[in-house]
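# Coordinate analysis (summary)
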Amino acid sequence: MQILTNPADSVAAETKSWQQAMRTAIRDTKTLRKRLKLAPDPAAASAAASFGLFAPLPFVDRIAVGDESDPLLLQLLPTAAEDHSPTHFSNDPLQESAATLTTGVLKKYMGRALMIVTGACAIHCRYCFRRHFPYSDNSAGAAHLEKALVSIADDNSIEEVILSGGDPLTVVDRTIDSLFSRLGAIPHLRRIRIHTRLPIMIPSRVTDQLVQTLARCPLEKVVVIHTNHANEIDADVTGGLNRLRSAGALLLNQTVLLKGINDHAPTLIELSKRLLSAGVLPYYLHQLDQVVGAAHFEVPLETGKRLVGDMRAALPGFAVPRYVQEIPGEPNKTVLA
Ligand SMILES: *Cc1c(COP(=O)(O)O)cnc(C)c1O
Ligand code: SF4
């Protein structure tokens with residue numbers, strides 16, 4: 001066994017570990033079903049062709065073997081149900097094309113600009129409202145990054161930049177670090193927010209270098225993770241979250257309310273408790289965006305309101321997320337309950 005003593009080597013090893021998990025992610029339904037001892041499902045072929053499966057092994061390891069209805073599995077498994085969407089489900093339910101400040105920068109809400117750093121994610125969530133988003137034209141990556149930074153620097157009304165995607169933490173630490181130093185030098189910015197599922201999907205993504213980048217940045221830091229079920233949060237995930245917190249980041253979580261996954265009061269209550277134990281405040285519970293392919297995940301609004309009522313009765317106020325929906329044209333996300 002080789003012992004790593006040179007700090008540059010250990011940085012390389014850390015980076016290799018999460019990048020390796022990205023490279024070895026399962027990308028076809030057959031392999032995943034076989035690994036989880038599930039019978040083949042040829043009917044899911046068209047769903048898988050329209051939005052490919054992407055499942056990193058550290059997350060797959062948290063899925064129960066032999067259980068078709070595992071709440072983690074359902075988030076990423078292509079199924080035939082995706083082929084049936086009512087006509088009011090659309091490809092661009094949030095009408096984001098209208099909010100583009102420059103390529104890769106959306107400015108929908110006062111004071112906040114959302115930067116699409118990359119189109120890549122560490123999971124393909126079957127209910128994702130961005131599953132039809134034309135990333136190749138709209139991401140701020142590489143060629144567009146410079147223009148995106150200039151447009152943010154030129155707009156004094158922007159106090160907060162939200163690094164989003166896709167998942168911004170799929171890009172390498174060097175790029176994140178340079179983004180942070182460029183953004184940190186813009187005088188009117190107070191805050192950088194990262195919207196990411198990577199610390200959940202691949203906990204080793206929280207590298208020392210990433211932690212250092214955050215710790216060094218003079219701006220306020222907020223990391224918004226995305227978990228839908230308590231089973232996603234194991235000891236490795238909690239370790240990564242603790243490292244982010246040690247870098248001075250405020251940790252928040254968003255959840256999407258999903259039929260068959262978390263539309264059950266005890267499940268949502270347990271998720272909030274698990275988040276608190278990991279140092280994360282529940283922020284948003286999202287009503288599903290009506291995107292083509294996701295209709296079978298929709299929970300009726302009345303059910304959602306009842307579930308939030310049940311959470312409120314069982315949890316401290318700060319552990320109850322705001323139940324929200326994004327309605328195109330509104331100045332903020334709309335609170336439903
Ligand atoms: C959701 C969102 C934000 C952030 O909204 P908050 O309510 O501050 O979390 C900012 N920009 C865009 C384009 C968004 O979709
Ligand atoms: S991580 Fe976020 S952007 Fe990526 S597929 Fe999931 S919901 Fe969509």
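Above this text sits the structure in question.
Residues numbered from 1 in each chain as written. Chains lettered and ligands numbered in written order. Predicted model: local features only at pLDDT ≥ 70, side-chain atom pairs only at ≥ 80, totals over all residues. Heavy atoms only, no water.

Okay, the site of ligand 1 next. Close to ligand 1 lie Lys 108, Tyr 109, Arg 112, Leu 114, Ile 162, Arg 193, Tyr 283, Tyr 284, Glu 326 and Lys 333. The side chain of Arg 112 places a nitrogen or oxygen atom 2.6 Å from an oxygen atom of ligand 1. Relative to its unbound accessible area of 390 Å², ligand 1 is 93% covered by the protein chains. Taken atom by atom, the bulk of ligand 1 overlaps the largest pocket. Among the elements of the structure, strand S2 (105–109), strand S3 (112–116) and strand S8 (281–286) are those that each provide at least two residues to the shell around ligand 1. Its residues assigned to classes, the shell around ligand 1 shows five nonpolar, no polar and five charged. (Near = heavy atom within 4 Å. Polar contact = N/O pair within 3.5 Å; in protein donor to acceptor, adjacent residues only side chain to side chain. Areas by Shrake-Rupley, 256 points an atom, 1.4 Å probe, with all protein chains shown as cover. 1 Å grid on protein atoms, 1.4 Å probe; cavity = no way out; pocket = protein on both sides within 12 Å on 5 of 7 lines; lining within 4 Å. Sits in = over half its atoms within 2 Å of the grid points. Helix = DSSP H or I, 4+ residues; strand = E, 2+ residues; numbered from the N terminus. Nonpolar A, V, L, I, M, F, W, Y, C, P; charged D, E, K, R; others polar.)

This part takes up empty space enclosed by the protein. Counting across every chain of the model gives one cavity of 30 Å³ or more. Roughly 60 Å³ of volume is contained in the largest cavity. Taken together, Asn 253, Thr 255, Leu 268, Leu 271, Ser 272, Leu 275, Pro 282, Tyr 284, Leu 285, Met 311 and Pro 321 form the lining of the largest cavity. Of all the elements in the fold, those that place two or more residues in the lining of the largest cavity are strand S7 (249–256), helix H12 (265–277) and S8. Of the residues forming the lining of the largest cavity, the biggest block, four residues, is contributed by H12. In the lining of the largest cavity, the residues fall into eight nonpolar, three polar and no charged. (Points joined across faces, edges and corners; volume = space filled by probe spheres on them.)

Our next topic: the packing of helix H7 (residues 145–153) against helix H8 (residues 173–184). For the pair H7 and H8, the least separation of the axes is 11 Å and the interaxial angle reads 25°. Relative to H8, the element H7 lies roughly parallel. Between H7 and H8 lies a crossing of right-handed hand. In contact with Leu 145, Glu 146 and Leu 149 of H7, H8 contributes Leu 179, Arg 182 and Leu 183. Each residue belonging to the contact of H7 with H8 can be placed in one class, and the counts come to four nonpolar, no polar and two charged. (Axes fitted to C-alpha atoms, helices over the stretch in contact; angles between N-to-C directions. Parallel < 35°, antiparallel > 145°, perpendicular 65-115°, else oblique. Left-handed = near helix turned anticlockwise from the far one by under 90°. Contact = heavy atoms within 4.5 Å.)

Another aspect to go through is the site of ligand 2. As a matter of local geometry, ligand 2 sits amid Cys 121, Ile 123, Cys 125, Cys 128, Gly 166, Arg 197 and His 226. A majority-of-atoms criterion places ligand 2 in the largest pocket. Here the residues of the shell around ligand 2 sort into four nonpolar, two polar and one charged.

This is a description of form; function is not addressed.
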